[in-house]
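# Per-entry structural report
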Amino acid sequence: MVRASSEERRAVIVRAALEVIAERGYRGATLAAVAERVGLTQQGLLHYFPTKEALLVAVLEERDHWDTSGGGGREGWRLDLVDSLVEYNAMRPGIVQTFSALLGESVTDGHPAREFFTERYAQVRAHMAEVLRLEFGERLPGGLTPERAAPLLTAVMDGLQYQWLLDPSAVDMPGAFRDFVRLLYGEGGGPQEPPPGTGGQTRP
């Protein structure tokens, strides 16, 4: 019988962790629970992921890979596909909870997830700038460049996640994001008719 490589075993563990997070949420995703799911002892799991944070960062990296696959990454995304991603996140609270919890912890010096989030946000801001440029050209209706608006778009997405996790009955995360997108279009209020002279493109 051929033994699984270390890379294959890590992939199996990450998938198991995703399942446990989906079922039990962030706090329930213990190393012991994941180890049991893949038939390892907790000590055996530590051989592949030395800490819970290391495993959860691998889970988030895998989530990002899945979210951006099939289109060459976020660079070619339209704004309506970002909208779809927000709606999809509303269907997987365990993953969103894990992301938000780790993000909050990562702002402390020396946290093992700090480097991951620092690099991730640099990439996301760049991707969101390209999304906005594809939609509006070099200037949004309010006058901002895509680079200046990208951190705002990113902040709205993640800030809504925190509010939604705390009170999902009071915060319609996909609806609130669509409201923000309408604000980006200014007085026109929607993507069908971008203000003239902005270089905007109507969505197919």
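Above this text is the structure in question.
Residues numbered from 1 in each chain as written. Predicted model: local features only at pLDDT ≥ 70, side-chain atom pairs only at ≥ 80, totals over all residues. Heavy atoms only, no water.

Here the structure, examined in full by the defined rule, presents 3 aromatic pairs. Between Phe116 and Phe117 the ring centres are 5.0 Å apart and the planes differ by 70 degrees, which places this aromatic pair in the edge-to-face class. Judged by centre distance (4.7 Å) and plane angle (55 degrees), the ring pair of Phe136 and Tyr185 falls under tilted. Here the residue Phe136 occupies a position in helix α7 (residues 114-136), and Tyr185 occupies one in the segment after α9 (173-184), the gap between them amounting to 49 residues. Accessibility classification places Phe136 together with Tyr185 in one group, the buried group. Members of the aromatic cluster, each reached through a chain of ring pairs, are Phe99, Phe116 and Phe117. Taking the ring centre of Tyr26 as reference, the NZ or CZ of Lys52 above it sits at 4.6 Å. (Phe/Tyr/Trp six-rings, centres within 6.5 Å; stacked < 30°, edge-to-face > 60°. Helix = DSSP H or I, 4+ residues; strand = E, 2+ residues; numbered from the N terminus. Buried < 20%, exposed > 50% of the residue type's maximum accessible area, 1.4 Å probe, protein only. Lys NZ or Arg CZ within 6 Å of the ring centre and 35° of its normal.)

Attention shifts here to the side chain of Asp80. Note that Asp80 resides in helix α5 (residues 79-89). Residue classification places Asp80 among the buried positions, given a relative accessible area of 18%. Engagement of the side chain of Asp80 in a polar contact is seen with the side chain of Arg78, the distance being 3.1 Å. (Polar contact = N/O pair within 3.5 Å; in protein donor to acceptor, adjacent residues only side chain to side chain.)

Once that is clear, we can look at helix α6 (residues 93-106). The terminal C-alpha atoms of α6, which comprises 14 residues, lie 20 Å apart, in line with the 20 Å expected from a rise of 1.5 Å per residue. Every buried residue of α6 is listed here: Gly94, Ile95, Val96, Thr98, Phe99, Ser100, Leu102, Leu103 and Ser106. The inward-facing, buried residues of α6 abut α1 (6-28), α4 (52-68), α5, α7 and α8 (146-166). (Expected span 1.5 Å × (residues − 1). Contact = heavy atoms within 4.5 Å.)

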